[in-house]
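# Residue-level structure breakdown
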Amino acid sequence: MPGSDPDERSPAHAAGEPRRGGGSEARLPPTAAVVVAIALYALLPDPLQLGPRFGIPALEAALLVALLITDPRRVTNESGLSRRLSLGLALVVVLSNLAVLVLLVVGLVGGQATDPGRLLLAAMQVWTTNVIGFALVYWELDRGGPVARARRRRRDLAPADWRFSQDENDDSVVEVAASASGRSGWVPVFVDYLYLSVTNSSAFSPTDTMPLSSRAKLLMSTQSTAALLITLIIIARAVGAIGS
């Protein structure tokens, strides 16, 4: 029967089909990531806090609760307000963490950071939050966001900001091509953007997922530069102080 075999489906035919049967993405993974980011910020030393200790965490928690009220279990509903709340939460995590990184570097240059153990712990907290924050931003921006990726037909999506390996595996061997975007309806979920964020923070460059848009390239450049500062300056200084 024509079109019943995945190998016989044309990209044009697949492009008109809904993703994942018009399903939705689980709310738990991004929620858990935000909770970790909130906890990491709250545990930072006092000199690295922006205002009251629980000011930023309270703001992030309030935005998260507002999103959970809208979609407690699945990311299914999207309005102008929920879209702004979700993007706002991601930006608060990223921008507050970048500000903490600046304070950390300034303190290091000024000789204020004398405890290598505390310095190393703070650097790891900032690095981990850097991964989570940018993963949230990538997840929110690519192809119109998680609701659009899960519910819209491919031809109705905004242009992609990133090209995943599944987006180019259609002509590979059968067992690899079976999970390709054009054949299976695969779309990236939060875990895929978290992996993208981890590899960009570890390798300081794209690995298997390529940025396509200017904003994606700028975001990845900012993230990798921040990760480079954390790794080469802060962690190296802390490890050197421990060994001296």
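Residues numbered from 1 in each chain as written. Predicted model: local features only at pLDDT ≥ 70, side-chain atom pairs only at ≥ 80, totals over all residues. Heavy atoms only, no water.

### Focus on the confidence of the model for the protein chain
- Per-residue confidence for the protein chain gives a mean pLDDT of 84; residues scoring 70 or more make up 84%.
- Here residues 1-16 is a poorly scored stretch, pLDDT under 50, and it has 18 contacts once near neighbours within four places are set aside; other chains count. (pLDDT = per-residue confidence, 0-100. Contact = heavy atoms within 4.5 Å.)

### Points about the packing of aromatic side chains
- For the coordinates displayed, the defined rule picks out six aromatic pairs.
- Taking the centre distance of 5.7 Å and the plane angle of 85 degrees together, the rings of Trp139 and Phe190 count as edge-to-face. Separated by 51 residues along the polypeptide, Trp139 in helix H5 (residues 116-141) and Phe190 in helix H9 (residues 190-203) bring together distant segments of the chain. Residues Trp139 and Phe190 agree in their burial class; the two are buried.
- The interplanar angle of 75 degrees and the centroid separation of 6.4 Å between the aromatic rings of Trp162 and Tyr193 together place this pair among those described as edge-to-face. In this pair, Trp162 is assigned in strand S3 (residues 162-163) and Tyr193 in helix H9, connecting sequence segments 31 residues apart. (Phe/Tyr/Trp six-rings, centres within 6.5 Å; stacked < 30°, edge-to-face > 60°. Helix = DSSP H or I, 4+ residues; strand = E, 2+ residues; numbered from the N terminus. Buried < 20%, exposed > 50% of the residue type's maximum accessible area, 1.4 Å probe, protein only.)

### Things to note about unusual backbone geometry
- The residue Arg143 is not glycine, and still its phi comes out positive at about 55 degrees.
- By the element assignment, Arg143 lies in the loop between H5 and helix H6 (146-151).
- Positive phi, close to 60 degrees, is recorded for Phe204, a residue that is not glycine.
- A residue is classified by how much of its surface remains accessible, and Phe204, at 28% relative accessible area, is partly exposed.

### Section: the nonpolar core
- Core analysis: the largest hydrophobic core is formed by 50 residues, its most contacted members being Leu89, Leu104, Leu136, Tyr138, Trp162, Tyr193 and Ile234.
- Here this core gets 14 residues from one element, more than from any other, and that element is H5.
- Once residues lying within four places of it in the same chain are set aside, the contact partners of Ile234 are Leu101, Leu104, Val105, Leu108, Leu119, Ala123 and Leu229. (Core = buried A, V, L, I, M, F, W, Y, C linked by side-chain atoms within 4.5 Å.)

### What to know about the pattern of salt bridges
- For the coordinates displayed, the defined rule picks out six salt bridges.
- Of the charged contacts in the structure, one is a salt bridge between Arg215 and Asp161, with a shortest N-O distance of 2.9 Å. Residue Arg215 is found in helix H10 (residues 214-243), and its partner Asp161 is found in the loop between H6 and S3; the two are separated by 54 residues along the sequence.
- With a relative accessible area of 42%, Arg215 lands in the partly exposed category. (Salt bridge = Lys/Arg side-chain N within 4 Å of Asp/Glu carboxyl O.)

### Digging into H5
- Compared with the 38 Å implied by 1.5 Å per residue over 26 residues, the 37 Å span of H5 between its first and last C-alpha is a close match.
- By the criterion of burial, H5 is predominantly enclosed, with 20 of the 26 residues buried.
- After H5 finishes, the residue Arg143 shows a positive phi value of roughly 55 degrees. (Expected span 1.5 Å × (residues − 1).)

### Let's talk about a nonpolar patch on the surface
- Residues Leu228, Leu229, Leu232 and Ile233 make up a contiguous nonpolar surface patch of roughly 310 Å² in combined accessible area.
- One can find Ile233 in helix H10.
- Under the relative-accessibility criterion, Ile233 is labelled partly exposed at 35%. (Patch = residues over 30% accessible without salt bridge, like charges linked within 9 Å, V, L, I, M, F, W, Y side chains within 5 Å. Areas by Shrake-Rupley, 256 points an atom, 1.4 Å probe, with all protein chains shown as cover.)

### Thoughts on the packing of helix H2 (residues 28-42) against helix H3 (residues 55-70)
- For the pair H2 and H3, the least separation of the axes is 9 Å and the interaxial angle reads 165 degrees. Accordingly, the angle class assigned to the pair H2 and H3 is roughly antiparallel. In this structure, the crossing between H2 and H3 has a hand that is left-handed. Where H2 approaches H3, its residues Thr31, Val34, Val35, Ile38, Tyr41 and Ala42 are matched on the opposing element by Ile56, Pro57, Glu60, Ala61, Leu64 and Leu68.
- Across the contact of H2 with H3, the residue classes break down as 10 nonpolar, one polar and one charged. (Axes fitted to C-alpha atoms, helices over the stretch in contact; angles between N-to-C directions. Parallel < 35°, antiparallel > 145°, perpendicular 65-115°, else oblique. Left-handed = near helix turned anticlockwise from the far one by under 90°. Nonpolar A, V, L, I, M, F, W, Y, C, P; charged D, E, K, R; others polar.)

### Some points on the side chain of Thr209
- You can see Thr209 is positioned in the loop between H9 and strand S4 (210-211).
- In this structure the side chain of Thr209 is engaged in a polar contact, spanning 3.3 Å, whose partner is the side chain of Asp208.
- Look past the residues within four positions of Thr209 in its chain and what remains in contact with it is Trp162, Arg163, Phe164 and Leu196. (Polar contact = N/O pair within 3.5 Å; in protein donor to acceptor, adjacent residues only side chain to side chain.)

### Some words on the environment of Thr209
- Assessed through its relative accessible area of 2%, Thr209 is described here as buried.
- Taking the C-alpha atoms as reference points, Thr209 and Thr199, separated by 10 residues in sequence, lie 9.3 Å from one another.

### Some details on the side chain of Gln166
- Here Gln166 is to be found in the loop between S3 and helix H7 (174-177).
- Setting aside anything within four residues of it in sequence, one finds Gln166 in contact with Ser179, Ala180, Ser181 and Trp186.

### What to know about the packing of H2 against H5
- Across the interface, H2 lies against H5 with an axial gap of 10 Å and an inter-helix angle of 145 degrees. Relative to H5, H2 is oriented so that their crossing is left-handed. Note on element contacts: H5 touches H2 through Gln125, Thr128, Thr129, Ile132, Leu136 and Trp139, opposite Pro30, Ala33, Val34, Val36, Ala37 and Leu40.

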